[in-house]
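Okay, here's what each chain looks like letter by letter:
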Amino acid sequence: MELLRTPRTVLRSWRQDDLPSYFDIYSRWEVMRWLGQPPRRAVADLAEARQRLGRWQQRQGMLSAPQGLWALVPRTGPGERPAADPVGTVLLLPLDDATGPTGEVEIGWHLHPDYQGRGLVTEAARALLSAAARAGQERVLALTDPDNAASQAVAGRLGLADEGLTGRWFGLTTRQFAWTAQPVR
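Residues numbered from 1 in each chain as written. Predicted model: local features only at pLDDT ≥ 70, side-chain atom pairs only at ≥ 80, totals over all residues. Heavy atoms only, no water.

Draft legend 1. Local environment of the environment of V43. By the element assignment, V43 lies in the loop between α2 (29–32) and α3 (46–61). Separated by 14 residues in sequence, V43 and W29 have C-alpha atoms that sit 8.7 Å apart. (Helix = DSSP H or I, 4+ residues; strand = E, 2+ residues; numbered from the N terminus.)

Draft legend 2. Spatial organisation of the pairing of strand β5 (residues 100–111). When you tally the buried positions in β5, you get nine out of 12 residues, the bulk of the element. As paired elements, strand β4 (residues 88–97) and β5 share nine bridges and run antiparallel to each other. Note that in β5 the partner of D97 across the bridge is G100. (Buried < 20%, exposed > 50% of the residue type's maximum accessible area, 1.4 Å probe, protein only. Pairing = 2+ DSSP bridges.)

Draft legend 3. Examining the environment of A133 more closely. Looking at the secondary structure, you find A133 in helix α4 (residues 120–134). Classification of A133 by relative accessible area gives partly exposed; the value is 32%. Note: C-alpha distance between A133 and T180 (47 residues apart in sequence) is 8.7 Å. With residues near it in sequence (within four places) discarded, A133 still touches W179 and A181. (Contact = heavy atoms within 4.5 Å.)

Draft legend 4. Just unusual backbone geometry, in detail. A cis amide bond, omega 0°, links P38 with the succeeding residue P39. For P39, the location among the structural elements is in the loop between α2 and α3. Note the cis peptide between A65 and P66, where omega equals 15°. Of note, P66 is situated in the loop between α3 and β3 (68–74).

Draft legend 5. Structural context of the pattern of salt bridges. Applying the stated rule across the entire model yields 12 salt bridges. One salt bridge connects R168 with D97, and the closest N-O pair in it is separated by 2.8 Å. Of this pair, R168 sits in the loop between β7 (161–166) and β8 (174–180) while D97 sits in strand β4; the two residues are 71 residues apart in sequence, bridging distant segments of the chain. Of the residues examined, R168 reaches a relative accessible area of 37% and is grouped as partly exposed. (Salt bridge = Lys/Arg side-chain N within 4 Å of Asp/Glu carboxyl O.)

Draft legend 6. Fine view of the packing of aromatic side chains. Tallied over the full model, the rule gives five aromatic pairs. Taking the centre distance of 4.7 Å and the plane angle of 40° together, the rings of Y22 and Y26 count as tilted. In this pair, Y22 and Y26 both sit in helix α1 (residues 19–26), four residues apart, roughly one turn of the helix. The same class applies to Y22 and to Y26, which are both buried. On the numbers, 5.1 Å between centres and 90° between planes, the contact of Y22 with W56 is edge-to-face. Residue Y22 is found in helix α1, and its partner W56 is found in helix α3; the two are separated by 34 residues along the sequence. (Phe/Tyr/Trp six-rings, centres within 6.5 Å; stacked < 30°, edge-to-face > 60°.)

Draft legend 7. Region of interest: the packing of α1 against α3. The geometry of α1 relative to α3 is characterised by a closest axis approach of 9 Å and an angle of 105° between their N-to-C directions. Here α3 runs roughly perpendicular to α1, going by the angle between their axes. Two secondary-structure elements touch here, α1 through L19, Y22, F23 and Y26 and α3 through L46, A49, R50, R52, L53 and W56. For the contact of α1 with α3, a count of residues per class yields eight nonpolar, no polar and two charged. (Axes fitted to C-alpha atoms, helices over the stretch in contact; angles between N-to-C directions. Parallel < 35°, antiparallel > 145°, perpendicular 65-115°, else oblique. Nonpolar A, V, L, I, M, F, W, Y, C, P; charged D, E, K, R; others polar.)

Written out as structure tokens, the structure reads:
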């Protein structure tokens, strides 16, 4: 399922035939060093990638768009078809804390190192925030590793307010950023 298009990106569901791209992204320490509970580690092999991608697809099936784990696919040019292979993920997911569901939603992004610094994540995440606003989401959080300056820079470019460090999410200390939808006039 395709969620949205921007001038340079497409956000769509991850598919089984994306497994080589998924593995290429998540087998890299440059990506995985920022994700999940310590000890963090890269995906070891295609079998592990297949399992993880399968869990993502199951989770996607339980969410209503625009929430989801969306494959980020660069377009080859304005008005042209997207390239075949995803180069990252942009996600919009409900957040739970130690007490359960919170009503809060997280936006996040993971990008293959070869595609960093091109503004693709910023463009796609901005479009996903707009889709969230159209769906009635008034506030969205971005949670980064305290040392992940690149993701924090994306949050800044998106206009998210830095709310400081928190230990509320995932049993980790994260830097929390917040976006609030602008009222429609």
